[in-house]
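What follows is the residue order along each chain.
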Amino acid sequence: MAASHILLFCLTVSFGEGAVGNDRIEHTRLYGNINAYAYYFAELLVGSPPQAVSVIVDTGSALCGFPCVGCSHCGNHLNPLFNMKASNTSQSLPCGMGCDRCQADRCGYLESYTEGSSISGVWFKDLVRLNGSDGDNQAVFASLGCHTDERKLFYTQTVNGIFGLAPHKITGSSNVLRDMFKDQAHVRDAVFAFCLAEWGGMLTVGGYDSSYNAPGETLSWVNLHHVGYYGVGLQQIIFDGIVVATQRSFGTTVVDTGTTFTYLPQEIYYSLEQALTNRCSNEKCAASAEGDSCWKLTSGSHAFPSHFPNISLMFTSGSLQVAVNWPATAYMFRGGRGDVWCYAFANNGMSRETVLGISFFLHKNIVFDTTQSKLGVAEANCPQHHYHAKINTDFPEPEPSFDLPPARAAKAQTQWVAIMLGAAGVLLLLLSCAMCAWAYCMMDTEDTNDKDTEMGSRLVYPAK
Ligand SMILES: *[C@@H]1O[C@H](CO)[C@@H](O)[C@H](O)[C@H]1NC(C)=O
Ligand SMILES: *[C@@H]1O[C@H](CO)[C@@H](O)[C@H](O)[C@H]1NC(C)=O
Ligand SMILES: *[C@@H]1O[C@H](CO)[C@@H](O)[C@H](O)[C@H]1NC(C)=O
């Protein structure tokens, strides 16, 4: 991917304040959490009469799709499978011009994602709208994907499908966001915005809602590249006056709500981790280290890592640089026990690519202005929403996970040690039994705690 950033000088873009009502801004609630789900999701209403479909919000891909009745390999999800036959506005799309995959005379798709999952199915058109107040949100006729096969995370995930919000470059078909932007009677500008809280948040289309901004906060605008994906120019990571990383090493930097953590090229990841270790050792941040990537707060559960430093991310903005604050409540996430916080940034290995995932978005109003090619960022108090399943009571909201990385490492080690000691013979039998008992206890606790968790980090970003 060529990162050709469009350089624009700071334009004074002014949008009306985000009052609800006839302002041509659609709102929909988001649900989800880093630890319990590894993604955030919205609810779409599809077809006539409308059927509810839960979808992961993903600025890293372009397809909006979900499993349909007749699927040959689909998992068990939050909502019933979408039934095209029950919608009197559904139209299937035949093969032909602009269709690059044909499946039983219908135009199809196959999409693979970075972490190895994939979906395939057939395109159809139908009315779709963001769930929310009827006065605000209007249905548009859009191309949607009907999955006939789900693999790996798409099969096991709780929610039904995916809502790709990236500029379409994959199939040539239209995508829902673009169709919404065409509906100018109800959608004011080609703008959408995310405000993600620890649990849930809000997505707006047509504009943004500045009432979420923290007191005194206004948006800072940075350059946004939006051909095929959303890219920004990340120049530096700084904290406490220490430059952790500079310009060239970041590679292409993608802004992606479909990725759980923020992925940094290896050398940047190690320098940031090292700098934080130095800064926070000996309880200087009111926390003690738990393994390589977690900290146990001395102030107990329900506290926040308020003594950890704020990190500054420096972005390209025209010919200038803009600093975006990345607070510890975003670059770390709360583990299930409440007092342990773990890094929500990770090592992208030898890949020369940086992915700003959900941990970049948290507690910010982030505005994608696709007309001005600008990304607006302000610190915000985003609305929290917990999903309460009414439709299908088999799916209560997952509890926060107890499945912390150090616990998982300890478990693997304990079992290994137990096996080794067992093999060492009579002399070590007593110790071995003790270890086995301990390992068993560890497994037991974890299994109990594991059952409500969904998965680890996830990258919903199309593989190239
Ligand atoms: C299609 O369904 C909608 C919603 O249930 C209904 O109002 C409408 O009359 C139906 N149209 C036809 C042509 O059946
Ligand atoms: C869908 O919208 C309705 C009306 O605003 C609301 O009562 C309901 O809770 C929403 N459902 C979800 C899952 O957001
Ligand atoms: C981090 O920044 C926030 C403002 O966003 C401020 O309230 C807080 O005190 C800062 N924390 C530290 C440790 O400097």
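Before reading on, note that the structure itself is shown above.
Residues numbered from 1 in each chain as written. Chains lettered and ligands numbered in written order. Predicted model: local features only at pLDDT ≥ 70, side-chain atom pairs only at ≥ 80, totals over all residues. Heavy atoms only, no water.

> Help me understand the packing of aromatic side chains in this model?
Here the distance between the centres and the angle between the planes together describe a pair of aromatic rings. One pass over the full model with this rule turns up 29 aromatic pairs. Between Phe304 and Trp341, the aromatic rings sit 6.1 Å apart at their centres with planes inclined by 50 degrees, giving tilted as the arrangement. On the criterion of sequence distance, the pair formed by Phe304 in the loop between β21 (294-297) and β22 (311-317) and Trp341 in strand β25 (residues 340-343) is long-range, its members being 37 residues apart. Residue classification places Phe304 among the partly exposed residues on the basis of a relative accessible area of 44%. The structure contains a cluster of three or more aromatic residues connected by ring pairs, namely Phe192, Phe194, Tyr230, Phe315, Phe360, Phe361 and Phe368. It is Arg334 that lies over the ring of Phe304; its NZ or CZ is 5.1 Å from the centre. Just above the ring of Phe360 sits the side chain of Lys364; from NZ or CZ to the centre is 5.7 Å. (Phe/Tyr/Trp six-rings, centres within 6.5 Å; stacked < 30°, edge-to-face > 60°. Helix = DSSP H or I, 4+ residues; strand = E, 2+ residues; numbered from the N terminus. Buried < 20%, exposed > 50% of the residue type's maximum accessible area, 1.4 Å probe, protein only. Lys NZ or Arg CZ within 6 Å of the ring centre and 35° of its normal.)

> Help me understand unusual backbone geometry, please; the structure alone is not making it clear to me.
Glycine aside, a negative phi is what most residues show, and trans is what most peptide bonds show. The omega torsion across Ser48 and Pro49 is -10 degrees, close enough to zero to call that bond cis. Within the fold, Pro49 resides in the loop between β2 (39-46) and β3 (51-58). Look at Asp105: it is not a glycine, yet its phi comes out positive at around 70 degrees. Here Asp105 lies in the loop between β6 (102-103) and β7 (106-112). Given a relative accessible area of 64%, Asp105 falls into the exposed group. Although it is not a glycine, Ser373 sits at a positive phi angle of roughly 55 degrees. As for its position among the elements, Ser373 is in the loop between β28 (364-369) and β29 (374-379).

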